[in-house]
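So the chains spell out like this:
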Amino acid sequence: YMDILTEGAFGNYRDLLESVTYSPAMAIYLTYLRNRPADERTGRVPDENYAREFLQLFTLGLVELKPDGQPVNADDGSDIELFDNGDITELAKVFTGLSWAGADFEARLNQVPLTAFHSPLAMFDEYHASQAKQFLGATIAAGTGGATSIDLALDIIFEHPNLGPFIGRQLIQRFVTSNPSNAYVRRVS
């Protein structure tokens with residue numbers, strides 16, 4: 001995982017998001033390795049852990065932001081939440097069907113080739129949620145393959161107006177100053 005961050009540190013953030021999504025280390029850590037689609041018969045639903053963390057921590061944050069990083073306020077003065085649990089539930093469908101490269105979807109750990117631990121995950125479309133996915137006001141059509149669904153979801157999120165100010169503020173805080181001005185955040189975003 002650290003190798004992915006090191007290699008992508010000065011590249012395109014969209015590419016970095018894709019590399020992280022296909023990372024076996026991330027898939028284990030945020031529990032979406034071998035994530036399956038919903039099954040009404042058993043009550044199984046896709047694991048939402050990565051979808052939630054992806055939106056909250058890696059890309060958009062929790063509240064709608066202005067380009068300068070300040071929260072957008074509702075008429076009553078409260079912050080406007082950017083998404084709800086329905087968005088997370090729908091985005092979780094995107095991250096189904098991923099498992100170890102070079103092995104079967106259900107392969108036991110001792111059957112997984114050593115190279116799979118540091119190779120991008122493989123998509124198994126037969127384990128990918130085939131229904132439409134609707135989140136953040138966008139829709140990925142039913143029947144879209146797993147890899148294409150991930151590409152589309154990453155594009156939708158990467159192009160969201162909250163990404164620039166949210167990530168920009170975090171980068172400034174970690175590398176320059178802990179309390180950046182609104183103008184600085186606007187320039188970076």
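A. Structural detail: the nonpolar core. Membership of the largest hydrophobic core comes to 40 residues, with the highest contact counts inside it found for Tyr32, Tyr50 and Leu91. Of all the secondary-structure elements, those providing two or more residues to this core are helix H2 (13-21), helix H3 (24-29), helix H4 (49-59), helix H5 (85-94), helix H6 (146-158) and helix H7 (163-175). No other element matches H4, which puts five residues into this core. With sequence-adjacent residues up to four places away left out, leucine 91 is seen in contact with Ala51, Leu55, Phe135, Ala153 and Ile157.

B. Local environment of the pattern of salt bridges. Tallied over the full model, the rule gives seven salt bridges. Between arginine 14 and aspartate 155 there is a salt bridge whose closest N-O contact spans 2.8 Å. Highlighted residues: arginine 14 in helix H2 and aspartate 155 in helix H6, separated in sequence by 141 residues. Residue arginine 14 is classed as buried on the basis of its relative accessible area, which comes to 10%. With relative accessibility at 30%, the residue aspartate 155 sits in the partly exposed group. In this structure, lysine 93 and glutamate 90 form a salt bridge, with 2.8 Å as the shortest nitrogen-oxygen distance. Of this pair, lysine 93 and glutamate 90 both sit in helix H5, separated by three residues, roughly a single helical turn. For the pair lysine 93 and glutamate 90, a shared accessibility class is recorded, and that class is buried. Because the salt bridges share partners, they merge into one network encompassing Arg14, Glu18, Asp151 and Asp155.

C. Just H2, in detail. Among all positions in H2, only Arg14, Leu16, Leu17, Val20 and Thr21 are buried. Down the axis of H2, the sector holding all buried residues measures 160 degrees, keeping them to one side. Lining the buried residues of H2 we find helix H1 (2-8), H3, H4, strand E1 (98-99) and H6. If you check the start of H2, you find a side-chain oxygen 2.6 Å away from the backbone N of arginine 14, and it comes from asparagine 12.

D. Local environment of the packing of H4 against H7. For the pair H4 and H7, the least separation of the axes is 9 Å and the interaxial angle reads 60 degrees. Taken together, the axis directions place H4 and H7 in an arrangement best described as oblique. Facing Gln56, Leu57, Phe58 and Thr59 of H4, the residues of H7 in contact are Leu163, Phe166, Ile167 and Gln170. Each residue belonging to the contact of H4 with H7 can be placed in one class, and the counts come to five nonpolar, three polar and no charged.

About the thresholds
Residues numbered from 1 in each chain as written. Predicted model: local features only at pLDDT ≥ 70, side-chain atom pairs only at ≥ 80, totals over all residues. Heavy atoms only, no water. Core = buried A, V, L, I, M, F, W, Y, C linked by side-chain atoms within 4.5 Å. Buried < 20%, exposed > 50% of the residue type's maximum accessible area, 1.4 Å probe, protein only. Helix = DSSP H or I, 4+ residues; strand = E, 2+ residues; numbered from the N terminus. Contact = heavy atoms within 4.5 Å. Salt bridge = Lys/Arg side-chain N within 4 Å of Asp/Glu carboxyl O. Arc of directions from axis to C-beta. Polar contact = N/O pair within 3.5 Å; in protein donor to acceptor, adjacent residues only side chain to side chain. Axes fitted to C-alpha atoms, helices over the stretch in contact; angles between N-to-C directions. Parallel < 35°, antiparallel > 145°, perpendicular 65-115°, else oblique. Nonpolar A, V, L, I, M, F, W, Y, C, P; charged D, E, K, R; others polar.

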